[in-house]
Amino acid sequence: MTRIAIIGAGRIGGPVIAGLDALDGVALVAILTRAPIADPRGTTDPDAFHAIPADIVIDAAGPGALALHGERALARAEVWTIGAAALADTAFRARMVAAARSGRHALRLVPGAIGGTDMAAAMASDPDASVAVTIARPGSGAIRAGSLVDLAARHPGEVNVAVATAFAGVGLARTTLAMRDPGQGAPHTLSISAESRVGRFVSTLTVEPDAGRGLHPAAASILAMVRREIAPIKVG
């Protein structure tokens, strides 16, 4: 039985909690939230949360939560996070690497259910490879493009997929990001375009706009990772 603790019970953490409870082979042992919840596994006390033994700690709350709790969580368990943007900060990234090595646990970045990270990784063997990520979201305002590190510092909640793609593939310096507003009524899309001697690969996710029907891509991605973790036959 794989013991899992989770940080966050909101629009991403909530569906993950429900999905974990429906899976055989895992036990959700603790939930850390900012405000009290009805679930008896929930706590607002980080000390109490980190005292509960777990094999995996899932950060479903984002870059801020990873910055607050990541180092401590890595001391006791493998950590999965949707908050990859926090790692664009060089000093914080160095601390997380040190914590992972000291605790002998890995930090895994959740790709956000967008395909293409495997191909980005395959293309990384080509020193001339390039990867471009495009985020098109209605109502997001002016076009922003360029350095992934700079954009991650200014918009950490919006660029987690791009940063995770960079770590999977050619790195922060060789991954570009463009954020644009496609206009009212247009779909919200996330695209990865990778080009190298292997070939050219493009992957696009159209985010489900119906909040009542759709499952957040990051929540779906976390649950997919858990299913792969416990599966007797694994791909990748």
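Here, every reference points to the structure presented above.
Residues numbered from 1 in each chain as written. Predicted model: local features only at pLDDT ≥ 70, side-chain atom pairs only at ≥ 80, totals over all residues. Heavy atoms only, no water.

Draft legend 1. Region of the structure containing the overall build of the chain. Helix and strand content of the chain: eight helices and eleven strands. Each of the three principal axes of the chain carries a C-alpha extent, and together these read 45 × 40 × 35 Å. The buried share among the 236 residues of the chain stands at 45%. Nonlocal contacts in the chain, meaning residues at least 24 apart in sequence, comprise 67% of its contacts between residues at least 6 apart. Computed over 22 positive and 20 negative side-chain charges, the inter-centroid distance for the chain is 2 Å. (Helix = DSSP H or I, 4+ residues; strand = E, 2+ residues; numbered from the N terminus. Buried < 20%, exposed > 50% of the residue type's maximum accessible area, 1.4 Å probe, protein only. Contact = heavy atoms within 4.5 Å. Lys, Arg positive; Asp, Glu negative; His and termini not counted. Charge placed at Lys NZ, Arg CZ, Asp CG, Glu CD.)

Draft legend 2. Expanded view of the nonpolar core. With 48 residues, the main nonpolar core has Phe-49, Val-57, Leu-66, Leu-148, Val-159, Val-163 and Leu-177 as its most contacted residues. In terms of residue count, helix H7 (residues 160-168) provides more of this core than any other element does, five residues in total. Residue contacts for Leu-66: discarding those within four places in its chain leaves Asp-59, Val-79, Thr-81, Gly-83, Ala-86, Leu-87, Phe-92, Met-96 and Leu-107. With 21 residues, the next largest nonpolar core counts Ile-6, Ile-56, Ala-219 and Leu-223 among its residues. (Core = buried A, V, L, I, M, F, W, Y, C linked by side-chain atoms within 4.5 Å.)

Draft legend 3. Up close: helix H4 (residues 90-103). In this model H4 runs 20 Å from its N-terminal to its C-terminal C-alpha over 14 residues, within 8% of the 20 Å that 1.5 Å per residue would give. Every buried residue belonging to H4 is among Phe-92, Met-96, Ala-99, Ala-100 and Gly-103, and all of these are buried. Taken end-on, H4 shows its buried residues confined to a sector of 100°, consistent with a single buried face. Exposed residues on H4 whose side chains face more than 90 degrees from its buried face are Thr-90, Arg-101 and Ser-102. On its buried face, H4 is in contact with helix H3 (63-74) and strand S6 (107-109). Where H4 begins, one side-chain oxygen reaches toward the backbone nitrogen of Ala-91, 3.2 Å away; that side chain belongs to Asp-89. Positioned one or two residues after H4, Arg-104 has a phi angle of 55°, which is positive. (Expected span 1.5 Å × (residues − 1). Arc of directions from axis to C-beta. Polar contact = N/O pair within 3.5 Å; in protein donor to acceptor, adjacent residues only side chain to side chain.)

Draft legend 4. The packing of helix H1 (residues 13-21) against helix H8 (residues 217-230), seen in detail. Running from N to C, H1 and H8 point in directions that differ by 30°, and their axes come no closer than 9 Å. Between H1 and H8, the interaxial angle falls into the category roughly parallel. The element H1 and its partner H8 pack so that their crossing is right-handed. Between H1 and H8, the residues in contact are Pro-15, Val-16, Gly-19 and Leu-20 and Ala-219, Ile-222, Leu-223 and Val-226, respectively. (Axes fitted to C-alpha atoms, helices over the stretch in contact; angles between N-to-C directions. Parallel < 35°, antiparallel > 145°, perpendicular 65-115°, else oblique. Left-handed = near helix turned anticlockwise from the far one by under 90°.)

Draft legend 5. The pattern of salt bridges, seen in detail. In this structure the tally under the stated criterion is eleven salt bridges. The partner of Glu-71 in a salt bridge is Arg-95, with the nearest N and O atoms 3.2 Å apart. Placement of Glu-71 in helix H3 and of Arg-95 in helix H4 is noted, with a sequence separation of 24 residues between them. Here Glu-158 ties to Arg-144 by a salt bridge, and the two come within 4.0 Å at their closest N and O atoms. Of the two residues, Glu-158 sits in the loop between helix H6 (148-154) and H7 while Arg-144 sits in strand S8 (residues 144-147), which places them 14 residues apart along the sequence. When its relative accessible area of 27% is taken as the criterion, Glu-158 is described as partly exposed. The buried category is assigned to Arg-144, whose relative accessible area is 14%. Through salt bridges with shared partners, a single network forms among Asp-21, Asp-39 and Arg-41. (Salt bridge = Lys/Arg side-chain N within 4 Å of Asp/Glu carboxyl O.)

Draft legend 6. Up close: the layout of surface pockets. Put simply, the second largest pocket is a space of about 640 Å³. The element contributing the most residues to the lining of the second largest pocket is H8, with five residues. Each residue belonging to the lining of the second largest pocket can be placed in one class, and the counts come to eleven nonpolar, five polar and five charged. (1 Å grid on protein atoms, 1.4 Å probe; cavity = no way out; pocket = protein on both sides within 12 Å on 5 of 7 lines; lining within 4 Å. Points joined across faces, edges and corners; volume = space filled by probe spheres on them. Nonpolar A, V, L, I, M, F, W, Y, C, P; charged D, E, K, R; others polar.)

Draft legend 7. A look at the sheet that holds S6. Pairing is parallel across the open sheet formed by six strands, whose spatial order is S3-S2-S1-S4-S5-S6. The open sheet terminates on both sides in strands that have one partner only, identified here as strand S3 (42-43) and S6. With two bridges connecting them, strand S2 (residues 26-32) and S3 associate as parallel partners. Note on S3: the bridge partner recorded for Ile-31 is Gly-42. (Pairing = 2+ DSSP bridges.)

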